[in-house]
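A closer look at the structure
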Amino acid sequence: MADRNHLEWPFFEQRHRTLEAELDQWATANLSAAHGHDVDEACRVLVRQLGDAGWLQYAVAGTIDTRAVCLIRETLARHSGLADFAFGMQGLGTGAINLFGSSAQKQNYLTRAGKGPAIAAFALSEPHAGSDVAALRCSARLDGDHYILNGEKTWISNGGIADFYVLFARTGEAPGSRGITAFIVEPDAPGFQVAERIEVIAPHPLARLVFQDCRIPVSQRIGVPGQGFKIAMSTLDVFRTSVAAAALGFARRAMEEALRRATTRKMFGQTLADFQLTQAKLADMATGIDAAALLTYRAAWMRDQGRRVTVEAAMAKMTATETAQRVIDRALQMFGGRGVKRGEIVESLYREIRALRIYEGATEVQKLIVARELLKGRPG
Ligand SMILES: Cc1cc2nc3c(=O)[nH]c(=O)nc-3n(C[C@H](O)[C@H](O)[C@H](O)COP(=O)(O)OP(=O)(O)OC[C@H]3O[C@@H](n4cnc5c(N)ncnc54)[C@H](O)[C@@H]3O)c2cc1C
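Notes on the structure follow. (Residues numbered from 1 in each chain as written. Predicted model: local features only at pLDDT ≥ 70, side-chain atom pairs only at ≥ 80, totals over all residues. Heavy atoms only, no water.)

**A few points about the pairing of strand 7 (residues 206-217)**
Sheet analysis places strand 3 (residues 146-157) next to strand 7, joined by nine bridges and oriented antiparallel. Within strand 7, the residue paired with Leu149 across the bridge is Cys214. As defined by bridge partners, strand 6 (residues 192-197) adjoins strand 7 across five bridges and the pair is classed as antiparallel. Bridged to Val194 within strand 7 is Leu209. (Pairing = 2+ DSSP bridges. Helix = DSSP H or I, 4+ residues; strand = E, 2+ residues; numbered from the N terminus.)

**Quick notes on the environment of Asp188**
Here Asp188 is to be found in the loop between strand 5 (180-185) and strand 6. According to the relative accessible area criterion, Asp188 is exposed, its value standing at 64%. As for Asp188 and Ala324, which are separated by 136 residues in sequence, their C-alpha atoms are 39 Å apart. (Buried < 20%, exposed > 50% of the residue type's maximum accessible area, 1.4 Å probe, protein only.)

**Focus on the pattern of salt bridges**
Taken as a whole, this structure holds 24 salt bridges when the rule is applied. When the shortest N-O distance is used, the salt bridge between Arg67 and Glu13 registers 3.3 Å. Of this pair, Arg67 sits in helix 4 (residues 66-79) while Glu13 sits in the segment before helix 1 (14-30); the two residues are 54 residues apart in sequence, bridging distant segments of the chain. Since its relative accessible area comes to 4%, Arg67 is described here as buried. Three or more residues joined by partner-sharing salt bridges are found here, namely Glu13, Arg15, Asp65, Arg67 and Asp304. (Salt bridge = Lys/Arg side-chain N within 4 Å of Asp/Glu carboxyl O.)

**Considering the state of the cysteines**
In total, this model carries zero disulfides according to the counting rule given. The cysteine Cys138 is free of any disulfide, with Cys214 supplying the nearest cysteine sulfur at 8.8 Å. You can call Cys138 buried: its relative accessible area is 1%. (Disulfide = S-S within 2.5 Å.)

**A word on the nonpolar core**
Counting 73 residues, the largest nonpolar core has Leu76, Leu149, Phe168, Val185 and Phe211 as its most contacted members. In terms of residue count, the dominant contributor to this core is helix 5 (residues 81-100) (nine residues). Look past the residues within four positions of Leu149 in its chain and what remains in contact with it is Ser139, Ala140, Leu167, Ala169, Val185, Phe211, Gln212, Asp213, Cys214 and Ile216. Of all hydrophobic cores here, the second largest spans 42 residues; its members include Phe12, Ile289, Ala293 and Phe335. (Core = buried A, V, L, I, M, F, W, Y, C linked by side-chain atoms within 4.5 Å. Contact = heavy atoms within 4.5 Å.)

**Topic: the environment of Arg141**
Position of Arg141 relative to the elements: it lies in strand 2 (residues 139-143). Placed 74 residues apart in sequence, Arg141 and Arg215 show a C-alpha to C-alpha distance of 9.6 Å. Each residue touching Arg141, except ones within four places of it in the same chain, is listed here: His146, Tyr147 and Ile148.

**Structural notes on the site of the ligand**
As a matter of local geometry, the ligand sits amid 17 residues, with Phe122, Ser125, Ser131, Trp155 and Ser157 nearest to it. Take Phe122: an N or O atom from its main chain is 2.7 Å from a nitrogen atom of the ligand. Take Trp155: an N or O atom from its main chain is 2.9 Å from a nitrogen atom of the ligand. Surface burial for the ligand is 66%, taken as the share of its 980 Å² of free accessible area covered by protein chains. Within the residue set of the shell around the ligand, elements represented by two or more residues are strand 3 and helix 11 (363-375). The residue inventory of the shell around the ligand, partitioned by class, reads eleven nonpolar, four polar and two charged. (Near = heavy atom within 4 Å. Polar contact = N/O pair within 3.5 Å; in protein donor to acceptor, adjacent residues only side chain to side chain. Areas by Shrake-Rupley, 256 points an atom, 1.4 Å probe, with all protein chains shown as cover. Nonpolar A, V, L, I, M, F, W, Y, C, P; charged D, E, K, R; others polar.)

**Observations concerning the pairing of strand 3**
Note that strand 2 and strand 3 share five bridges and pair antiparallel. Among the inter-strand pairings, Ser139 is bridged to a residue of strand 3, identified as Asn150. Connecting strand 2 to the next strand, strand 3, in antiparallel fashion are two residues, including Gly144 with a positive phi near 65 degrees.

**Observations regarding the packing of aromatic side chains**
Counted under the stated rule, the structure contains ten aromatic pairs. Between Trp26 and Trp55, the aromatic rings sit 6.2 Å apart at their centres with planes inclined by 65 degrees, giving edge-to-face as the arrangement. With a gap of 29 residues between them, Trp26 in helix 1 and Trp55 in the loop between helix 2 (39-52) and helix 3 (57-60) connect regions that are remote in the sequence. With centroids separated by 4.7 Å and ring planes inclined at 55 degrees, the aromatic side chains of Tyr109 and Phe164 adopt a geometry described as tilted. In this pair, Tyr109 sits in helix 6 (residues 103-115) while Phe164 sits in strand 4 (residues 164-170), placing the two residues 55 residues apart along the sequence. (Phe/Tyr/Trp six-rings, centres within 6.5 Å; stacked < 30°, edge-to-face > 60°.)

**Comments concerning the side chain of Asp24**
Locating Asp24 in the fold gives a position in helix 1. Not counting residues up to four positions away in its chain, the partners in contact with Asp24 are Arg4, Thr75, Arg78 and His79.

**Side note on the packing of helix 7 (residues 228-264) against helix 8 (residues 276-304)**
Where helix 7 meets helix 8, the axes come as close as 9 Å, and the angle between the chain directions of the two elements is 155 degrees. Judged by the angle between their axes, helix 7 and helix 8 are roughly antiparallel. Between helix 7 and helix 8 the crossing geometry is left-handed. Side by side, helix 7 and helix 8 meet where Val238, Thr241, Ala244, Ala245, Leu248, Ala251, Arg252, Met255, Ala258, Leu259 and Ala262 of the first sit next to Thr278, Leu282, Met285, Ala286, Ile289, Ala292, Ala293, Thr296, Tyr297, Ala299, Ala300 and Arg303 of the second. (Axes fitted to C-alpha atoms, helices over the stretch in contact; angles between N-to-C directions. Parallel < 35°, antiparallel > 145°, perpendicular 65-115°, else oblique. Left-handed = near helix turned anticlockwise from the far one by under 90°.)

**Quick notes on the packing of helix 4 against helix 8**
At a minimum axis separation of 8 Å, helix 4 and helix 8 run at an interaxial angle of 150 degrees. In terms of orientation, helix 4 lies roughly antiparallel with respect to helix 8. Touching Thr66, Arg67, Cys70, Leu71 and Glu74 of helix 4 are Tyr297, Ala300, Trp301, Arg303 and Asp304, all from helix 8. Of the residues in the contact of helix 4 with helix 8, the class split is five nonpolar, one polar and four charged.

Shown next as structure tokens:
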């Protein structure tokens, strides 16, 4: 049983508490079985299940309730990393359409992504442009009533199974970040190719995409030309806090596992939990989780008040992901040899958490965001 004391914090309203309790019940009933080895199929099934049950609506809603999205990701992550991934990607993959799309684009893509039949993806990173995203090279050239895309995207979650990709390409209105435009690309567009499926330590659908004279109608452009970087950053601003929430879910699950293990494992005539070394570990883990949760829900609450949260979201993301990694590592240590055995929950959490410290801005990038704000306007 998860510790739910944080739901009493003043960041939440009654609807959030009800939502969390209902989702936890749903997840217990629907997500306890193993997903099997076909990760593409598992993701398709999860998107359908989450859509049928109405949870995806929270990821694609016209006005995002950030606290609800965070509670959903935290709860799903506690039950299943892949379910959290499926939910999170529907949000990230539709965020740009939600914030900047035309009414026709919203009607088409948000409706289908919110109900679950259409899988969404967010295609920003390239082999030469990850952290330095403004260096992206993929180009889009206007040709009559079409754009012609040429270039590559890599590390694209849901790559290979997505029904549409929100893609960022250079249109050249200005150098650097001001010459980028956002588009929606469907995989049947001529010249679109899934060039490589990428396997990672915690299996998720992931791919490298290649565009060779790929033609897409002008009506698939999101917003105005040259606005793409702003669109990408605004989308990340919404969902970065939810990555912190997912990390929190992984950490809470590790804490539950650690407590169970510490209180049942017999050694030296006592249990593991009787030793003060273990108690110190548990205290550090619990304190780290609360600190990460406070930062996460502060950022979510502030965003729901209509405030700018670039710094708060960065603090939340780096603290929650780094803390979760430490909490999971300590939990795994308490399991001894069993901790590294395939199929153990702490073993899969250990693999699941790692990429969260890298994607949607690595920890170092989050630190730069915070520092930039601190130093803004100072002489020197
Ligand atoms: C599982 C997974 C899923 C992903 N899904 C998506 C997706 O759906 N869509 C998408 O567009 N991208 C996605 N990505 C890509 C992700 O956003 C990039 O991997 C990330 O931005 C880092 O870029 P990079 O891999 O090119 O690393 P690099 O940019 O080469 O950075 C390498 C490392 O350098 C360090 N670093 C970065 N900047 C600085 C700095 N200024 N000073 C000091 N050190 C620094 C960081 O530790 C960083 O990890 C995904 C990645 C992974 C692993």
